[in-house]
Amino acid sequence: MEKSKHQHINNQFASDNYAGICPEAWQAMQAANSGFVSSYGDDLWTERACELLRQVFETDCQVFFVFNGTAANSLALASLCRSYHSVICHELAHVETDECGAPEFFSNGTKLLHVDGPGGKFDLAEVERAITRRSDIHYPRPKVLSLTQVTEVGTVYTPDEIRAASQLARQYGMKVHIDGARFANAVVSLDVAPADISWRAGVDVLCLGGAKNGMAVGEAVVFFDRELAHEFDYRCKQAGQLASKMRFISAPWIGMLESGAWLKNARQANACAALLEEQLSGIEGIHIMYPRQANSVFVAMPESVTVALRAAGWHFYSFIGSGGARFMCSWQTTEQDVLQLAEALRLAVSSADRRK
Ligand SMILES: *Cc1c(COP(=O)(O)O)cnc(C)c1O
């Protein structure tokens, strides 16, 4: 096994899921750990967590908790589609590139149709082309428009953009799904009410991320249209996503929402990425690829710099999005971590220069 698998990794900007559990989530989980409580979500913790989500979203939504984002997205999409339908998403969408075919699997064959668009956001003209390209019986019928908020390249759809996407979808009788693994980062970035970038903008189902926001495990599937949630509990159970000790998944949501930690954590992560962007923008040979709008910075840099940075022990991804290096900040990232990374990058650039 590699050394890194045994040790704490300090020099890491690989993912926000490298971070631990934040104190608010941890304490709430501990608070739930007393005595016997009924199982499978039939408990006061789960009831309270659902109620808090209804308050946060200012509407009577229906909420389900599952273990991870892949399950949340796949089961949500499966509940919106029949097997002969299709889902339109961006070509970089997590549901398309990073879920190992789970959306197709859980929907028994619903096809994902991907479209292009700059900055990780789909172009609505492209979406409309994909919808209207064919109307014959041989083409999988478009049924859902799925968007990722924050996008896979760290950009954020504005309320207007979401509204326009929803309007287009409605026009063709389609539903709207959001993969919100980093939804909290978008709320903070846009400084809007969560409702403004979900149901008030026409969204039917939101998969709200917990793990990357500071929880151990668990994502919330939020149905704004309750009819679409019909028998979703059976779908979760069949897919192995119904936790018997549900309180330990739902209680952390109470801790996160009541304390405001879900937004505080996102604010910290976004602020670190903003600082990183500022630090990197002055370094020659380093090019920031997308507008930094949430908690990640994507960078194009010479291969020699990438190699030098990795050799110095830094962890980051280079395969996400379109090929640059991705530096992802989390609730646990500190200003000092960012300054150290910036310093390491400056060193890597100058040592790569010297070798020329
Ligand atoms: C991390 C992530 C998910 C969820 O991934 P899981 O590993 O299944 O929890 C979903 N969508 C996006 C955009 C993500 O970054």
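Parameters and conventions
- Residues numbered from 1 in each chain as written.
- Predicted model: local features only at pLDDT ≥ 70, side-chain atom pairs only at ≥ 80, totals over all residues.
- Heavy atoms only, no water.
- Pairing = 2+ DSSP bridges.
- Helix = DSSP H or I, 4+ residues; strand = E, 2+ residues; numbered from the N terminus.
- Contact = heavy atoms within 4.5 Å.
- Axes fitted to C-alpha atoms, helices over the stretch in contact; angles between N-to-C directions.
- 1 Å grid on protein atoms, 1.4 Å probe; cavity = no way out; pocket = protein on both sides within 12 Å on 5 of 7 lines; lining within 4 Å.
- Points joined across faces, edges and corners; volume = space filled by probe spheres on them.
- Nonpolar A, V, L, I, M, F, W, Y, C, P; charged D, E, K, R; others polar.
- Domains from an automatic or database assignment.
- Salt bridge = Lys/Arg side-chain N within 4 Å of Asp/Glu carboxyl O.
- Buried < 20%, exposed > 50% of the residue type's maximum accessible area, 1.4 Å probe, protein only.
- Parallel < 35°, antiparallel > 145°, perpendicular 65-115°, else oblique.
- Left-handed = near helix turned anticlockwise from the far one by under 90°.
- Core = buried A, V, L, I, M, F, W, Y, C linked by side-chain atoms within 4.5 Å.

### Topic: the sheet that holds strand E8 (residues 287–288)
Read across the sheet, three strands follow the order E8-E9-E10 without closing on themselves; strand pairing throughout is antiparallel. At either end of the open sheet lies a strand with only one pairing partner, and these are E8 and strand E10 (325–328). Pairing geometry for strand E9 (residues 296–300) and E10, over four bridges, is antiparallel. Along E10, the bridge assignment pairs Val299 with Ala325. Contacting E8, E9 and E10, helix H11 (residues 261–280) runs over the sheet at an angle of about 25° to E9.

### Here we look at the layout of surface pockets
Taken as a whole, the largest pocket encloses approximately 530 Å³ of empty space. Considering the residues around the largest pocket, the lining is formed by 29 residues, among which Asn17, His94, Ala181, Arg182 and Lys212 are closest to the centre. Looking at the lining of the largest pocket, the elements that each hand over two or more residues are helix H3 (69–80) and strand E5 (175–180). The leading source of residues in the lining of the largest pocket is H3, at four residues. When grouped by side-chain class, the residues that make up the lining of the largest pocket number nine nonpolar, twelve polar and eight charged. Looking at the lining of the largest pocket, you find at least three residues from each of domain 1 (10–20 + 262–355) and domain 2 (23–261).

### Points about the pattern of salt bridges
Tallying each qualifying case throughout the model produces 15 salt bridges. Between Asp160 and Arg163 there is a salt bridge, with its nearest N and O atoms 2.8 Å apart. In this pair, Asp160 and Arg163 both sit in helix H7 (residues 159–171), three residues apart, roughly one turn of the helix. Taking relative accessible area as the criterion, Arg163 reaches 35% and is therefore assigned partly exposed. Note that Arg170 and Asp204 form a salt bridge whose closest N and O atoms lie 3.1 Å from each other. With a gap of 34 residues between them, Arg170 in helix H7 and Asp204 in the loop between helix H8 (183–190) and strand E6 (205–208) connect regions that are remote in the sequence.

### Considering the packing of helix H1 (residues 23–31) against helix H10 (residues 247–259)
The axes of two packed helices give the description: the angle between them and the distance between them. Closest axis-to-axis distance for the H1/H10 pair is 7 Å, and the angle between their directions is 130°. In terms of their interaxial angle, H1 and H10 are classed as oblique. Of the two elements, H1 crosses H10, and the hand of that crossing is right-handed. When H1 is examined against H10, the residues Glu24, Ala25, Ala28 and Met29 are found in contact with a partner set consisting of Phe248, Ala251, Pro252, Gly255, Met256 and Ser259. Residues of the contact of H1 with H10, tallied by class, amount to seven nonpolar, two polar and one charged.

### Regarding the nonpolar core
If you look at the biggest cluster of nonpolar residues, it comprises 57 residues, and the most contacted ones within it are Phe65, Ile88 and Leu208. A domain split of this core shows at least three residues from each of domain 1 (10–20 + 262–355) and domain 2 (23–261). What Ile88 contacts, discounting residues up to four positions off in sequence, is Leu113, Val115, Val127, Ala130, Ile131, Pro142, Val144, Leu145, Ser146 and Met174. Counting 28 residues, the second largest nonpolar core, distinct from the first, contains Phe13, Leu276, Val297 and Val338.

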